[in-house]
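Chain residues, written in single-letter form:
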Amino acid sequence: MRRRELLQGFAAGALTFFFTTPVGSAPIVPTRPGTYPEDFNAYLKISADGRVGCFVGKVELGQGAMTVLAMLVAEELELDPAQVDMLLGDTDLCPWDMPTGGSLTMWHTAPVLRGAAAEARAALLRLASKALGAPVSDLALKDGAIWVKSAPTRRTTFGELVQGRKMERHLGKVKPKPLADCTLLGRRVPRKDALAKVSGAAKYAGDLRLPGTLHACILRPPAQGQTLVTADTSTAERVPGVRIVRDGTLLAVVHAQPDTARKALALVKGTFEGAEPDVDDVRIYQYLVDKAAPGQRVVISRGDLAAGEKRAATVVEGEYRNAYESHATLEPHTSVAKWEEGRMTVWASTQSPFVFRDAVAEALKLGQDKVRIIAQFVGGGFGGKLVGPGAIEAARIARQVPGVPIQVAWNREEDLFLDGYRPAAVVKIRSGLDAGRGAITFWDSTVAGVSQGEAELSYDMQSNRYQAPTVPGLHPLKVGAWRAPNAHTNAFARESQLDALAAKAGMDPVTLRRRLITDARLLRLLDLAVETFGWEPAPGPTGRGIGLACGAWRQGLVVAVAQVAVDKATGKVRVEHFLEAVDVGLVVNPDGARQQVEGAITMCIGQALSEEIRFKGGRILDKNFDTYLLPRFSAIPRIQVVFAENSGMATQGIGEPPVVPVAAALANAVFDATGARVTHVPFTPARVLEALKRVPTK
Amino acid sequence: MDATVSFVLNGKPVTVKNPHDRMLVWVLRDELGLTGTKVGCEAGLCGACTVLVDFEAVPSCSTTLGDVAGKSVLTIEGLAVDGRLNPVQEAFREHHAFQCGYCTSGMIMAAWAFLKKKPKATKAEIVEAMEGNICRCGAHVRILDAVESAGKNLGGVR
Ligand code: FES
Ligand code: FES
């Protein structure tokens, strides 16, 4: 609804100002593929009625992009964020952008958008200067009005100024406001999507209800990687209103009602081909190690490992594992596609409209200009909706039935089956501490299943070596990017290993890190975390159940402190208190950033304690939330979030960093509580009991 | 076989011709166009589809049309009165007790059903009441705060 109003508003003002490309015409494309357009008209449009429209190829996944991007524009143009209409993720209307993931929105898009808004401000002031006959330096602006400071009755508005004008200007000439002059950045502002979401009005891809929509349910093989050979659809076809649509090995049962389509699908009998890998969720770790071994390659190497080992007084050998984990967004992948007049439009639940566009174009052998993706509100992404197999399915089916909107909404079983999981992984580390200073004399790490991404932190090490596999197609299951990919696997291993070294050497985990950390920012953050938590560190296990871990995602730093209680009879871990101290530079939207941290901690309590994809060959055994266990309310601890004061550094993304150290902090807390080291994520009650059995009795 | 079933939906009588055993969530979303009620698991496990039937919170994915014959059904679309948000909606908005918002309708409905019975609940009681509702984004701490504060504001209502 808002989208339509917004477009009508701008289309009606045919004499709009920052238009070089009228709405609805050819897509706005950058001069070079994969770059941001330089023309600021691509981002901002001011209509004759003075409203400011902001067009960005990012998506609102729940992370608050809609709000924080509006804040940036509002800051430069001296508006209330409510006066900025956001239109996100439409590949016809928005300038090209990267996917919404990897915590890149604030890092990549924000500076471009701020620059565009600054450019607009300068242009408006110049126009006003002419209209009002006063120098720019004598003008003030607020809420869409511009006036002469010395004579406030001499005023004009954005709407009056833009009447009938068109402007071309390129980014990079005008600098955004200096931080000291900013009044909005750093303040809590109401989320722009709040009303829509609490009233049930927010439209997700499955809520579109385009007239004539048919619902398509797709025949799935029992195992990943298999394809359809034959299908008997005769019984299904007897259901009134059912039709079968085929495109190669894709077979869909289509009906006007989603539930009838689903029921009729159950009547289709298919045969499938394709070998299943001989592996399951228990044997996967050895499988990965064996398969990765021949292609292991040194990615980082410093100093002499053998000499380092000789200097070590304490040596620890650790093996750390994590299971496959699903994104399990509460909204399963959903798309609606329509093939009309030689163009394919897909309304999608997507994190990356432009990637989806290109993928749909490729799958259908169409030009990119023949595909339009329109992102809706997205019911969670976390990396899972960076790729769009569901959108391609919808488009392939829609191509067969011209003019008819086709909805493909995966159910939970499909979503768990077709997801690209966080990869299972094994990290082996041998490392040693010297006797006196607590220096790492050597650190030898080999990983199978992921890369060594973010494996290093700014810890002083006299020698080290990191190896990672180069084998393509290592995983028997489909894998993908899961919020802070690689980083959380590697942080779990590194921080657990450090904790084990400290304990073995009789040092407390904070003192050891203070000695190792070479980066002043991380050191300050460590102090902030320890102080805020109110923790007197002591060599573990102390029985108090407090654990520490540090982590990084690009320039974003996090220190986590967790407190847990472990039921030694059942192996159940209860998280009581979780604190993160976070340094992501200038925090533009403090409440939004805090939400991301709270969410990451909560999500990763599930990652650490309960979430695991069980499988046999290509068959996924977890089919719904009865066995795939997400954290529920009773699992939620007291959560504390504190941001480092660091407004001198450019804003870093906030989606991934707080994910990185969660599982490690919890594992270290379990050790502090019990003396048992859990090394396998998730540390389910059974695995905790196993670990407890290994604790030597004194 | 289609049956003719009447019930009260958001305060107004409705009659639909649908199979008796069709799940309410499809009747609401597909037949009646009320898409505020979401679908997350279709098995009574996530709470995204929660609606109130005679003021009891139920998963509409596991409640049939026949089950609500002659009863009163309240969905997220029926909570606001004359464009004024219900106190629970207001509290969710105030606390930003959502991220993606996909669980939000169900959360609000579950909380409203609970608070109607017990506005002065303890945190532990709220946790228990909300346990059937999943939030993947991890908005839990804010949802609990929002429900608690809505309860306080509700003190004496009805
Ligand atoms: S969709 Fe009904 S409980 Fe999940
Ligand atoms: S806000 Fe996304 S599932 Fe709750």
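Since the model is a prediction, treat every value here as computed from it, not as a measurement.

Novice: I'd like a rundown of the domain arrangement of chain A, residues and numbers included.
Specialist: Residue and element names in this part refer to chain A. We note that the domain assignment places domain 1 (3-199), domain 2 (205-274 + 333-409) and domain 3 (284-324 + 421-693) within chain A. Domain 1 and domain 3 are separated by 41 Å when their C-alpha centres are compared. Residue-level contacts link 18 residues of domain 1 with 19 residues of domain 3. Per-residue buried area on domain 1 facing domain 3 is highest for Ser103, Met106 and Trp107; these three make up 36% of the total on that side. At the junction of domain 1 and domain 3, the tally comes to one salt bridge. Note that Asp591 and Arg188 form a salt bridge whose closest N and O atoms lie 3.8 Å from each other. The interface formed by domain 1 and domain 3 includes two residue pairs in polar contact (both at pLDDT 80 or more). Elements represented by at least two residues in the side of domain 1 that touches domain 3 include exactly helix 2 (65-77) and helix 3 (105-132). A total of four residues in the side of domain 1 that touches domain 3 trace back to one element, the largest contributor, which is helix 2. Counted by class, the side of domain 1 that touches domain 3 contains eight nonpolar, seven polar and three charged residues.

Novice: Break down the pattern of salt bridges for me, citing the residues and quoting the values.
Specialist: Residues and elements named next belong to chain A. Summed over all chains, the structure comprises 54 salt bridges over all chains. The salt bridge involving Asp278 is made with Arg283; its shortest N-O contact spans 3.2 Å. Residue classification places Asp278 among the exposed residues on the basis of a relative accessible area of 62%. Bridged by salt links that share partners, the residues Glu60, Arg191, Asp193 and Lys197 form one connected network.

Novice: I'd like to hear about the interface of chain B and chain A, residue by residue, with values.
Specialist: The partner chain A presents 60 residues to the 49 residues of chain B that form the contact. Surface buried jointly by chain B and chain A totals about 4300 Å² across both partners, of which 56% is contributed by carbon and sulfur atoms. At the junction of chain B with chain A, the criterion picks out six salt bridges. The interface formed by chain B and chain A contains 32 residue pairs in polar contact (both at pLDDT 80 or more). At the level of elements, helix 1 (24-31), helix 2 (87-95), helix 3 (104-117), helix 4 (123-130) and helix 5 (140-154) of chain B are the ones that each hand at least two residues to the side of chain B that touches chain A. Split by residue class, the side of chain B that touches chain A holds 23 nonpolar, 14 polar and 12 charged.

Novice: For the packing of helix 16 (residues 590-609) of chain A against helix 17 (residues 662-674) of chain A, give the residues involved together with the corresponding values.
Specialist: Residue and element names in this part refer to chain A. One way to put it is that helix 16 packs onto helix 17 with a least axis distance of 9 Å and a crossing angle of 60 degrees. As far as their axial angle goes, helix 17 and helix 16 are oblique. For the pair helix 16 and helix 17, the sense of crossing is right-handed. Facing Ala600, Ile601, Cys604, Ile605, Gln607 and Ala608 of helix 16, the residues of helix 17 in contact are Val662, Ala663 and Leu666. Looking at the contact of helix 16 with helix 17 residue by residue, the classes come out as eight nonpolar, one polar and no charged.

Novice: Can you lay out the environment of A:Gln376 for me, pointing to particular residues and giving the numbers?
Specialist: Residues and elements named next belong to chain A. Secondary-structure assignment places Gln376 in the loop between strand 16 (371-375) and helix 11 (389-400). Residues Gln376 and Val401, 25 residues apart in the sequence, show an inter-C-alpha distance of 23 Å. Not counting residues within four places of it along the chain, the set of residues in contact with Gln376 comprises Val59, Glu60, Lys203, Tyr204, Ala205, Leu208, Trp347 and Ala348.

Novice: Give a detailed account of unusual backbone geometry, specifying residues and quantitative values.
Specialist: Note the cis peptide between A:Gly540 and A:Pro541, where omega equals 0 degrees. Structurally, the position occupied by A:Pro541 is in the loop between helix 15 (520-533) and strand 21 (546-553). At the junction of A:Val681 and A:Pro682, the peptide bond is cis and its omega measures out at 0 degrees in the coordinates. Its place among the elements puts A:Pro682 in the loop between strand 27 (680-681) and helix 18 (685-693). Phi is positive for B:Asp54, close to 45 degrees, though the residue is something other than glycine. Looking at B:Asp54, the relative accessible area reads 42%, which means it is partly exposed.

The rules we used
- Residues numbered from 1 in each chain as written.
- Chains lettered and ligands numbered in written order.
- Predicted model: local features only at pLDDT ≥ 70, side-chain atom pairs only at ≥ 80, totals over all residues.
- Heavy atoms only, no water.
- Domains from an automatic or database assignment.
- Contact = heavy atoms within 4.5 Å.
- Buried area = accessible area lost by both parts, 1.4 Å probe.
- Salt bridge = Lys/Arg side-chain N within 4 Å of Asp/Glu carboxyl O.
- Polar contact = N/O pair within 3.5 Å; in protein donor to acceptor, adjacent residues only side chain to side chain.
- Helix = DSSP H or I, 4+ residues; strand = E, 2+ residues; numbered from the N terminus.
- Nonpolar A, V, L, I, M, F, W, Y, C, P; charged D, E, K, R; others polar.
- Buried < 20%, exposed > 50% of the residue type's maximum accessible area, 1.4 Å probe, protein only.
- Axes fitted to C-alpha atoms, helices over the stretch in contact; angles between N-to-C directions.
- Parallel < 35°, antiparallel > 145°, perpendicular 65-115°, else oblique.
- Left-handed = near helix turned anticlockwise from the far one by under 90°.

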